[in-house]
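Letter by letter, the chains look like this.
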Amino acid sequence: MTHTIASTPSPRQPPDTGAPDYAAIKQRQQATWASGDFAIIGVTLQIVGESLAEAADVRAGERVIDIAAGNGNATLAAARRFARVTSTDYVPALLDKGRTRAAAEGLTVEFREADAEALPFYDGSFDVALSTFGVMFAPDHARCAAEMMRVVRGGGRIGIASWTPEGFIGQLFKTVGRHVPPPGGLASPAMWGKEDYLRQLFGPNAASIRAQPKMFNFRYASPAHMIQVFRDYYGPVHKAFAALDPAG
């Protein structure tokens, strides 16, 4: 994908390019994910990291990158398989949580602060790229896909776990969006959960693409408990509640 950057405009007359301001959007997103404490949510999703590592057939000695790793579910799953893992995210506090978890298990992992749209690694640095509910939230989908393809060697594998538009979290995004509209011009993160969309993003450069729908059971003490946990700790919901009046 060709990414065009306009020259710095006058503050009085910003140009109407029709393209999203990815840098500004990403800055707001980073603040959103740094709010609350996603690690509280993340630890409930560990089974997804394990399932993804199996689906991607992660093997001992392979070089694996976990992109937008959060607190490290796929990171830990790959490290438990004796892979050489690099865990990346643009929220340092989440990397710290992943680092603590890896140390508790005696796992060797490299942690790097990194933007999923501009990974600081050479072409073909990894055998496998993984992302569990992470890369899907970056604003420039095509650029993220291109970066994943770039840092994985020819013949390597990419494994992604994404929420679907029809699923519970997909519906949650729609509910939040009705109260706090998302930035204009962006595709929904839940599009990563559609096989035809993945073929648009990766198809021209992928040897094969396989999508497997799976169910994830959210297990909480009650519906009210889940709402409270998401309100307190899940960045997008936390920010939405903070932006609304009591009626909203």
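Procedures and definitions
- Residues numbered from 1 in each chain as written.
- Predicted model: local features only at pLDDT ≥ 70, side-chain atom pairs only at ≥ 80, totals over all residues.
- Heavy atoms only, no water.
- Axes fitted to C-alpha atoms, helices over the stretch in contact; angles between N-to-C directions.
- Helix = DSSP H or I, 4+ residues; strand = E, 2+ residues; numbered from the N terminus.
- Parallel < 35°, antiparallel > 145°, perpendicular 65-115°, else oblique.
- Left-handed = near helix turned anticlockwise from the far one by under 90°.
- Contact = heavy atoms within 4.5 Å.
- Polar contact = N/O pair within 3.5 Å; in protein donor to acceptor, adjacent residues only side chain to side chain.
- Buried < 20%, exposed > 50% of the residue type's maximum accessible area, 1.4 Å probe, protein only.
- Pairing = 2+ DSSP bridges.
- Right-handed = clockwise from strand over helix to strand, strands pointing away.
- UniProt positions renumbered as here; feature names shortened; annotations may be inferred.
- Salt bridge = Lys/Arg side-chain N within 4 Å of Asp/Glu carboxyl O.
- Arc of directions from axis to C-beta.
- 1 Å grid on protein atoms, 1.4 Å probe; cavity = no way out; pocket = protein on both sides within 12 Å on 5 of 7 lines; lining within 4 Å.
- Points joined across faces, edges and corners; volume = space filled by probe spheres on them.
- Nonpolar A, V, L, I, M, F, W, Y, C, P; charged D, E, K, R; others polar.

1. Quick look at the packing of helix H6 (residues 141-151) against helix H8 (residues 195-202)
Two numbers describe how H6 lies on H8: the axes approach to 9 Å, and their chain directions differ by 65°. The angle between H6 and H8 places the two elements in the roughly perpendicular class. Judged by the sense of rotation from one axis to the other, the crossing of H6 with H8 is right-handed. Side by side, H6 and H8 meet where His141, Ala142, Ala145, Met148 and Met149 of the first sit next to Tyr197, Leu201 and Phe202 of the second.

2. What about the side chain of Ser87?
Along the polypeptide, Ser87 turns up in strand E2 (residues 84-89). In terms of polar contacts, Ser87 uses its side chain to reach the side chain of Thr75, at 2.8 Å. Filtering out sequence-adjacent residues up to four positions away, Ser87 remains in contact with Asp66, Ala69, Thr75, Leu95, Val109, Glu110, Phe111 and Arg112.

3. Topic: the pairing of E2
The buried fraction of E2 is high, at 5 of 6 residues. Two elements, strand E1 (residues 63-66) and E2, share 4 bridges in a ladder whose sense is parallel. Paired with Asp66 across the strands is Ser87, a residue of E2. Traced from E1 through helix H4 (residues 73-80) to E2, the parallel crossover comes out right-handed. Relative to strand E3 (residues 109-113), E2 runs parallel, the two being bridged by 5 bridges. Paired with Val85 across the bridge in E3 is Val109.

4. Focus: the UniProt feature "domain: Methyltransferase type" (unreviewed entry) in the chain
Per the UniProt record, "domain: Methyltransferase type" (unreviewed entry) is annotated on residues 66-158. Span residues 66-158 is 35% helix and 28% strand, its end C-alpha atoms 10 Å apart.

5. Focus on the sheet that holds E2
Spatial ordering of the open sheet is given by E3-E2-E1-E4-E5, a layout of 5 strands whose pairing is parallel. Of all the strands in the sheet, the pair left with one neighbour each is E3 and strand E5 (152-161). With direction set aside, neighbouring strand axes in the sheet form an average angle of 20°. Against the sheet, helix H3 (residues 46-55) engages strand E4 (126-132) and E5, with an angle of about 150° to E4. Its contacts with the sheet put helix H5 (residues 92-105) on E2 and E3, and the angle it makes with E3 is roughly 175°.

6. So, the pattern of salt bridges
Should the charged atoms of two oppositely charged side chains come close, the side chains can pair. Enumeration according to the criterion identifies 14 salt bridges in this entry. A salt bridge links Asp123 to Arg150, with the shortest nitrogen-to-oxygen separation between them at 2.9 Å. Placement of Asp123 in the loop between E3 and E4 and of Arg150 in helix H6 is noted, with a sequence separation of 27 residues between them. The residue Asp127 makes a salt bridge to Arg153 at a minimum N-O spacing of 2.6 Å. Placement of Asp127 in strand E4 and of Arg153 in strand E5 is noted, with a sequence separation of 26 residues between them. The exposure class assigned to Asp127 is buried, which follows from its relative accessible area of 10%. One network of salt bridges, in which partners are shared, links Glu50, Glu54, Arg80, Arg81 and Glu105.

7. Points about H3
The set of residues buried in H3 consists of Gln46, Val48, Gly49, Leu52 and Ala53. Seen along its axis, H3 keeps its buried residues to an arc of 155°; they face one direction. Seen from the buried face of H3, the exposed residues on the opposite side, beyond 90 degrees, are Ile47 and Glu54. Residues of H3 that are buried in the fold lie against helix H2 (38-42), H4, H5, E4 and E5.

8. Section: empty space enclosed by the protein
By the definition in use, this model includes 2 cavities of 30 Å³ or more. In terms of residue count, helix H1 (residues 22-34) provides more of the lining of the largest cavity than any other element does, 3 residues in total. When its residues are assigned to classes, the lining of the largest cavity shows 15 nonpolar, 7 polar and 3 charged. For the second largest cavity, the calculated volume is near 80 Å³. Residue lining of the second largest cavity: Trp33, Phe38, Ile41, Leu45, Phe133, Phe137, Trp163, Ile169, Phe218, Phe230 and Tyr234, and that is the complete set. Here the lining of the second largest cavity is composed, by residue class, of 11 nonpolar, no polar and no charged.

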